[in-house]
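These are the residues of each chain, in order.
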Amino acid sequence: MTKQQAITKTAMITISGRPNVGKSTLLNALVGEKIAIVTNKPQTTRNRILAVLNQADIQFVFIDTPGYHAPRTRLGDYMVKVIRESVADVDGVILMVEPIENIGPQEQHLIKWIAANKVPAVLVINKIDTVKKEELLAVINLYQEAHGFDAIVPISAKQGDGLGELIEVLDRYALDGPQLFPDDMITDQPERQIIAEILREKLLLCLQKEIPHGTAVEITKFSERDNGIIDVEATIFVEKQSHKGMVIGKQGVMLRQIGELARKDMERFMGTKVYLETWVKVKEKWRDSAYLLRNFGYNAE
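Within each chain, residues carry numbers counting from 1 in the order of the written sequence. Reporting of local features is limited, given that this is a predicted model, to residues whose pLDDT is at least 70; pairs of side-chain atoms are given and counted only at 80 or more, and all residues count toward the totals for whole chains, interfaces and linings. Calculation of side-chain values draws on the structure's entire complement of heavy atoms; hydrogens and water are dropped beforehand.

### What to know about the pairing of strand β8 (residues 216–224)
Where β8 meets strand β9 (residues 230–238), 8 bridges bridge the pair, whose relative direction is antiparallel. Bridge pairing in β9 links A216 to F237. Should DSSP find at least two bridges between two strands, the strands are regarded as paired. Here a strand is any run of E in DSSP of at least two residues, a helix any run of H or I of at least four, and the numbering for each starts at the N terminus. As consecutive antiparallel partners, β8 and β9 are separated by 5 residues, and within that stretch G228 has a phi angle of approximately 95°, a positive value.

Okay, here's the thing in structure tokens:
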């Protein structure tokens, strides 16, 4: 293994965009690890997620943000606050969009925030494998007229296309200075938080309609035995009694399925066997409770 080149520059980059545009997929692809959970449900990402990539003499610090949406709960307010704060005081912003010839209200709000903060920005058009070249050119022209982006980079985060070109563009935002994180650190998320997010991802994947958005996960036990096995106890909170029954399923089938899928991913992440126990409890309207939001790690103040 060759010795890594000394880090002499850093670049802090925020990834922003509407829900389901592929921000977390891009984050995971850039760092080569599954740092952020990914589903086809809107508002999968609720919190700010930081990931680190060391390349040549530059340490890139990427900040994944929730998808911008019109908030309807205190949790929604918190998520929008995370986006707004993450767009400010960084070296550059990625505005990620789909190849659609229309600038929606979400993109308009984000462009407004980018302009107000006078932060350099790159437009990343994702999912280019789903459109023809002439359609892509129309989208590029539309956004060129909307804002003075430093660059426009078409990519497919899922396929990994265009990521090298994106990194080359982001090089320009690197500033002289010591690295912010150790060489072996790829995220600032505690293991306990990642474990909770893995379980929440499986809830999103297995459950339908509105139920997943009314769920929260609290890890009540996270400990390691002498033989290396990790013991995890998790409580899944839902907002309605009827939702509790749906999460558990007939004779507990749904909860077992969710737990089994989560346990396998937890074991891959931890590199060891995981013993997982789950419970389901009802906390009505928790998404509008400042106290409960703080308990679940969403500081809405």
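The structure having been displayed, the exposition proceeds.
### Description of the pairing of strand β3 (residues 58–64)
Burial classification: accessible surface area is computed with a 1.4 Å probe over protein chains only, and a residue below 20% of its type maximum counts as buried, one above 50% as exposed, and the rest as partly exposed. Judged by how many residues are buried, β3 sits mostly within the fold: 7 of 7 residues are covered. Two strands pair when backbone bridges link them, and strand β1 (residues 9–17) and β3 are joined in this way by 7 bridges, in the parallel orientation. The residue bridging A11 from the neighbouring strand is F60, located in β3. Note that strand β2 (residues 49–55) and β3 share 7 bridges and pair antiparallel. Bridge pairing links Q55 to I58 in β3.

### What about the pattern of salt bridges?
By definition here, a salt bridge exists when the distance from a side-chain nitrogen of Lys or Arg to a carboxyl oxygen of Asp or Glu is within 4 Å. Under the definition given, this model contains 12 salt bridges. The partner of E98 in a salt bridge is K127, with the nearest N and O atoms 2.5 Å apart. Pair noted here: E98 is in the loop between β4 (92–97) and α3 (105–116) and K127 is in the loop between β5 (121–125) and α4 (133–146), with a separation of 29 residues, a long-range link. For E98, a relative accessible area of 23% puts it in the partly exposed group. Linking R268 and D265 is a salt bridge whose minimum nitrogen-to-oxygen distance equals 2.2 Å. With R268 and D265 both in helix α8 (residues 253–270), this residue pair falls 3 residues apart, about one helical turn. Of the residues examined, R268 reaches a relative accessible area of 62% and is grouped as exposed. Residue D265 is classed as buried on the basis of its relative accessible area, which comes to 12%. Here the salt bridges share partners, and the residues they tie into one network are K34, E201, K202, D265 and R268.

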